[in-house]
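# Residue-level structure breakdown
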Amino acid sequence: MITVRTTNTRHKFDSLNEAHRFIDQMSNLGQSTYISCDSCQAIIIQGVFCHESGCPNAWRDKSRECKWCGSIFTPKERDQWFCDEDCYQDYTS
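Rules of the game
- Residues numbered from 1 in each chain as written.
- Predicted model: local features only at pLDDT ≥ 70, side-chain atom pairs only at ≥ 80, totals over all residues.
- Heavy atoms only, no water.
- Helix = DSSP H or I, 4+ residues; strand = E, 2+ residues; numbered from the N terminus.
- Rg over C-alpha atoms; globule rule 2.2 N^0.38 Å.
- Buried < 20%, exposed > 50% of the residue type's maximum accessible area, 1.4 Å probe, protein only.
- Contact = heavy atoms within 4.5 Å.
- Lys, Arg positive; Asp, Glu negative; His and termini not counted.
- Charge placed at Lys NZ, Arg CZ, Asp CG, Glu CD.
- Pairing = 2+ DSSP bridges.
- Axes fitted to C-alpha atoms, helices over the stretch in contact; angles between N-to-C directions.
- Salt bridge = Lys/Arg side-chain N within 4 Å of Asp/Glu carboxyl O.
- Core = buried A, V, L, I, M, F, W, Y, C linked by side-chain atoms within 4.5 Å.

Helix and strand counts for the protein come out as 2 helices and 7 strands. N-terminal to C-terminal, the α/β element order of the protein is β-β-α-β-β-β-β-β-α. Against the 2.2 N^0.38 benchmark of 12 Å for 93 residues, the protein shows a C-alpha radius of gyration of 16 Å, more extended than a compact globule. Structurally, the protein occupies a C-alpha span of about 50 × 30 × 25 Å along its principal axes. Across the 93 residues of the protein, 30% fall into the buried class. Look at the contacts in the protein between residues 6 or more apart in sequence, and 25% of them connect residues 24 or more apart. Seen as two clouds, the 10 positive and the 13 negative side-chain charges of the protein have centres 8 Å apart.

This part takes up the sheet that holds strand β3 (residues 34-37). The strand order across the open sheet formed by 3 strands is β2-β1-β3, and the pairing between neighbours is antiparallel. Taken across any chain shown, the strands that pair with only one partner, and hence form the sheet edges, are β2 (10-13) and β3. Taken over all neighbouring pairs, the strand axes of this sheet differ in orientation by 25° on average, direction set aside. With 4 bridges connecting them, strand β1 (residues 2-5) and β3 associate as antiparallel partners. The residue of β3 that forms the bridge with Thr3 is Ser36.

With respect to the helices and strands, Thr74 occurs in the loop between β7 (72-73) and α2 (85-92). Given a relative accessible area of 30%, Thr74 falls into the partly exposed group. Note: C-alpha distance between Thr74 and Asn17 (57 residues apart in sequence) is 9.2 Å. Beyond its immediate sequence surroundings of up to four residues, Thr74 is in contact with Asn17, Arg60 and Ser63.

Of the strand pairs in this sheet, β1 and β2 are connected by 4 bridges, and their pairing is antiparallel. Considered in β2, the bridge of Thr3 is made with Lys12. Between β1 and β2, which pair antiparallel one after the other, the connecting turn spans 4 residues.

One pass over the full model with this rule turns up 1 salt bridge. With a closest N to O distance of 3.2 Å, Lys12 and Asp38 form a salt bridge. Of the two residues, Lys12 is situated in strand β2 and Asp38 in the loop between β3 and β4 (43-45); the sequence distance between them amounts to 26 residues. A relative accessible area of 52% places Lys12 in the exposed class.

Below, the discussion takes up the nonpolar core. The biggest cluster of nonpolar side chains holds 15 residues, and the ones touching the most others in it are Val4, Ala19, Ile35, Cys37 and Phe49. When residues of this core are traced back to their parent elements, those giving at least two are β1, α1 (16-28) and β3. For this core, the element with the highest residue contribution is α1, accounting for 5 residues. Cys37 has contacts with Met1, Ala42, Phe49, His51, Cys55 and Asn57, leaving out every residue within four places of it along the chain.

Next up, the structure:
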């Protein structure tokens, strides 16, 4: 989980993309935000959010290319390599 903290509240997100959308909204309102990971001591390097090596949540922040159709998607599970069930069925049949 990614935690974004504002001056008064904490918000939890499953993906970095969701967190970035929220941070952009808060930035447009002039509010400061602080971002962290529940599973590691993540840091921001030159504007890029980076998990520690071996963090169990790091896979949530990376888009992948579907092994069957080649489209880019954000996985919902750690070992998801297909963008949807149809691509999985076509690949395995």
